[in-house]
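Observations on the model geometry
Listed below, chain by chain, are the residues.
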Amino acid sequence: MANNQPPHPPPPPHPEVLQGTLDVMILSVLQRQALHGYGIAREIERRSGTVLAIEEGSLYPALHRMTKRGDLTAEWGTNDTGRRARFYRLTADGKRRLVEQSGLWDTLSAAVSRVVHGEPGGVAHELVSRARASPRLGME
Amino acid sequence: MRAVLRLILGDPDGRSPREISRDVEDELSSHVAMIEDELMREGLDTEAARAEARRRFGDPDRYRRECRDIALWERLMLQRISFALMLVITLALGLAAWQSWASQRRTTEAVDRLSKQIELLASRSAAGVAAGSEGAVAPAGARRESESSVFVAGAVPRPGPYNVPTAGLSLRRLAVASGFSGPVFEARIERPKADGQKETINVAAAELVAGTDPLIRAGDLVYILHYFSAAEVQPNDAGRPEPRAYLVYASIGGSGREIVLPTTGRATLTRVLSKEIGQLPERVVVEIRRLDKADRLVPVFSATAQALGSDPLVDIEVQPEDRIILLENSQAELSCVLWGGERPKLLWDASSAEDPIPTLRSALAERGVLPCLVEEVTIDRLVGSEARKVEYRGHQLSDAVLDEPLRNRDFIKITPLAADTWPPGVSAASFTIEAPALNRLGQPSTNQLVGYAFGRLPRQVTIREAVASLSPRAFRSISWRNGTRSQLAVTEDGEAAAVERWFVDATNLEDPAWDTLITGETVIHASSLSPEAHAKYLKHRLVR
């Protein structure tokens, strides 16, 4: 029997997707397969463990902009249920951009983490940490 | 043009705007439908699934618009730039067309005007208009034997063709024949040459005044460029002194000089300053002082350089003997100006507080004139706005007069005794003087005056008279020497001795050495008091 309540409880207030991170998430999701907008939204949700939920319509300006830029190509096709949908695929430029953006994101997220948790940062700290972890130097 | 812009902006999407809109619409609708499908599979009814799908998707209109704008951005930019370029080109073409039309219209009007003038001149010629008082010249309509025609144009009442004798006619007579009545004019003559070219002869007003009057020949075209009224012309006759005025700089550099005023045209202050100095700083104040009937220097004009340069009504005609005074600003002190038929000289740089305050004594020393050689001293002084003239004859120059501080804006004129009144055989003398004085701050200031040389002295002059141009009380001692000859004098320790250099105690006016006669090549040296003693003396003198 159909009911009028959604099967899941309303999601908790999700953190807003940081400006600029949507592109790298889209590129990452499309790294292995071509997907339509709906599929991309589901994959982001799945990979984030439902922590990140975006307003799904906001995917489309980003997808169109990236297509215009040459990071993606798009072509019409049909999904599993036979609905007509536009599938997006990563181009060679898109793959290069994914590598760049991923690196930037790693640096940024690590820095934000250090700021939030009050950890010392910087190259010197990282080198000391690595040295301590190295058995050849005999440091604890 | 669009092809060029496409190259610049990139190739736009190949789809039409309608196709783009349809694709965007299909894509967004498909997404919403897939959410609904999913929700219904999970048990929601159609309405609830639709509402939830809308909530998860967000505002479809907004995303539709954004997607469409992204797809059509280049196309929109292309349209806007094309429109702007077309507008600019249209305006430029319109402007060019308007200018062409206006130019053509002006040309047509000018041609019409010239045609009318030519017709008018031709009708006057045919009517045989009288040619003025110069009977030798007649308008071209009345041609006689041995005559040919020239054409006169320009600033004359009756321009047009004129007959002149084949032998030629002076320019002045031709000008008078064409109605010109002024004393001096400037002209240009265009004369055809054998090779078909034209020779241009410019005749300046000064040449006409000096009597150069070129001969006009048949075929010449004579332009009377402009002329001067009789009041504007002062013929530069031989023997007549050139009109001169004097520039006096206050604190803007230099001390002054004599300037020769033009003899033709109006010597307005603006013209004179422009010729003599060029551009003046705007804050400079220009004053003119002029000799009135009582021979006093009266202020007649004052204006800033800014007003002088910007307002044509603020100007004045410079007259001979005017003093044009340039002051740094309206508050500036001119100090006093030393006159005497030579270069004007400032005795006191008002901009420098360290300069000693001038007295009549220092004015005489500056001119190198002994008080005993003065015939007359004249001081033009402003008391408030009233001009006064103070005169001293030579015998009136007492110590009190000589030590009186001069006043700001005094004009001092020194007239020495004329050389031909000096008795023959009087020897020469020269001085080297260190003459301390008091400056405006009340501090002693050394004023070294060097080398007063006189070809002759009017009579036998004593040391007392010779140093009267100084203030003897200001000096500790005065020494002098006369070549290598010995002479009795009083030394510093009060003993008379035959030495080559003699001293007199400057503070002891009863010392008979003061009355020693000076002879040829006498050199006098005045050594100053200590600064403290000198300052005390000068303050005492000023208070007195």
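Parameters at a glance
- Residues numbered from 1 in each chain as written.
- Chains lettered and ligands numbered in written order.
- Predicted model: local features only at pLDDT ≥ 70, side-chain atom pairs only at ≥ 80, totals over all residues.
- Heavy atoms only, no water.
- Helix = DSSP H or I, 4+ residues; strand = E, 2+ residues; numbered from the N terminus.
- Contact = heavy atoms within 4.5 Å.
- Areas by Shrake-Rupley, 256 points an atom, 1.4 Å probe, with all protein chains shown as cover.
- Buried area = accessible area lost by both parts, 1.4 Å probe.
- Salt bridge = Lys/Arg side-chain N within 4 Å of Asp/Glu carboxyl O.
- Polar contact = N/O pair within 3.5 Å; in protein donor to acceptor, adjacent residues only side chain to side chain.
- Core = buried A, V, L, I, M, F, W, Y, C linked by side-chain atoms within 4.5 Å.
- Buried < 20%, exposed > 50% of the residue type's maximum accessible area, 1.4 Å probe, protein only.
- Patch = residues over 30% accessible without salt bridge, like charges linked within 9 Å, V, L, I, M, F, W, Y side chains within 5 Å.
- pLDDT = per-residue confidence, 0-100.
- Axes fitted to C-alpha atoms, helices over the stretch in contact; angles between N-to-C directions.
- Parallel < 35°, antiparallel > 145°, perpendicular 65-115°, else oblique.
- Left-handed = near helix turned anticlockwise from the far one by under 90°.
- Nonpolar A, V, L, I, M, F, W, Y, C, P; charged D, E, K, R; others polar.

The next subject is the overall build of chain A. Each helix and strand counted, chain A has five helices and two strands in total. When the elements of chain A are put in sequence order from the N terminus, they spell out α-α-α-β-β-α-α. For chain A, the share of sequence-separated contacts (at least 6 apart) that also reach a separation of at least 24 residues comes to 46%. Carbon together with sulfur atoms contributes 55% to the accessible area of chain A, which is approximately 9200 Å² in total.

With that settled, the discussion passes to the interface of chain B and chain A. Chain B puts 31 residues into the contact, and the matching count from chain A is 31 residues. Taking both sides of the interface into account, the surface hidden between chain B and chain A amounts to around 2500 Å²; carbon and sulfur atoms contribute 54%. Where arginine 56 of chain B meets glutamate 56 of chain A, a salt bridge forms, and the shortest distance between an N and an O atom there is 3.4 Å. Counting across the chain B and chain A interface gives 13 residue pairs in polar contact (both at pLDDT 80 or more). Counting only elements with at least two residues in the side of chain B that touches chain A, the list comes to α2 (17-41), α3 (46-57) and α4 (60-127) of chain B.

What follows is about the nonpolar core. Of all hydrophobic cores here, the largest spans 40 residues; its most connected members are Ile26, Leu30, Ile40, Leu59, Leu63 and Leu72 of chain A. When residues of this core are traced back to their parent elements, those giving at least two are α1 (21-29), α2 (37-47), α3 (59-69) and β2 (84-90) of chain A together with α2, α3 and α4 of chain B. It is α2 of chain B that contributes the most residues to this core, seven residues altogether. Every residue in contact with leucine 72 of chain A, bar those within four places of it in the chain, is listed here: Ile26, Leu27, Leu30, Leu63, Met66, Thr67, Tyr88, Arg89, Leu90 and Thr91 of chain A.

Turning to α3 of chain A, its buried residues number three or more, namely Leu59, Tyr60, Pro61, Ala62, Leu63, His64 and Met66 of chain A. Where α3 of chain A ends, the next residue or the one after it, glycine 70 of chain A, has phi of about 100°, a positive value.

Locating isoleucine 35 of chain B in the fold gives a position in helix α2. Distance in space between the C-alpha atoms of isoleucine 35 of chain B and arginine 50 of chain B is 8.3 Å, their sequence separation being 15 residues. In contact with isoleucine 35 of chain B, other than residues within four places in its own chain, are Tyr38 and Glu56 of chain A together with Ala53 and Arg56 of chain B.

All names here are of chain B. Structurally, the position occupied by phenylalanine 301 is in strand β12 (residues 297-304). When the C-alpha atoms of phenylalanine 301 and isoleucine 316 are compared, they prove to be 7.6 Å apart, with 15 residues separating the residues in sequence. Discounting residues that sit within four places of it in the chain, phenylalanine 301 has contacts with Leu269, Val286, Glu287, Ile288, Leu308, Val314, Asp315 and Ile316.

A separate point is the pattern of salt bridges. Here the structure, examined in full by the defined rule, presents 32 salt bridges over all chains. Here glutamate 27 of chain B and arginine 86 of chain A are joined by a salt bridge, their closest N and O atoms 3.9 Å apart. Taken together, the positions of glutamate 27 of chain B in helix α2 and arginine 86 of chain A in strand β2 put the pair across two chains. As far as burial versus exposure is concerned, glutamate 27 of chain B and arginine 86 of chain A are alike and both buried. Among the ionic pairs, aspartate 380 of chain B bridges to lysine 389 of chain B, the shortest N-O distance being 3.1 Å. A relative accessible area of 25% means that lysine 389 of chain B is categorised as partly exposed.

Residues and elements named next belong to chain A. Residues Trp105, Leu108, Val112, Val115 and Val116 make up a contiguous nonpolar surface patch of roughly 480 Å² in combined accessible area. Residue placement: valine 116 occurs in helix α4 (residues 92-117). Taking the relative accessible area as the measure of exposure, valine 116 reaches 62% and is therefore exposed.

Take unusual backbone geometry next. Residues apart from glycine generally show negative phi values, whereas peptide bonds are mostly found in trans. With a phi close to 75°, glutamate 321 of chain B is a non-glycine residue in the positive phi region. Topologically, glutamate 321 of chain B is positioned in the loop between α8 (305-310) and β13 (323-327).

Parts of the model with low pLDDT should not have their predicted coordinates read in detail. Residues and elements named next belong to chain B. Mean pLDDT over chain B: 71, with 58% of residues reaching 70 or higher. Confidence drops under pLDDT 50 across residues 235-240; counting only partners more than four residues distant or on other chains, this segment forms five contacts. Contacts from residues 483-500, a stretch scored under 50 in pLDDT, to residues over four places away or in other chains number 38 contacts. Two numbers describe this predicted complex: its pTM, 0.36, and its ipTM, 0.75.

As a further point, take the packing of α1 of chain A against α4 of chain A. All names here are of chain A. Between α1 and α4, the least distance of the axes is 9 Å, while the angle of their chain directions is 125°. Relative to α4, α1 is oriented oblique. Crossing handedness for the pair α1 and α4: left-handed. Facing Thr21, Val24, Leu27 and Ser28 of α1, the residues of α4 in contact are Gly94, Arg97, Leu98, Gln101, Ser102 and Trp105. Looking at the contact of α1 with α4 residue by residue, the classes come out as four nonpolar, five polar and one charged.

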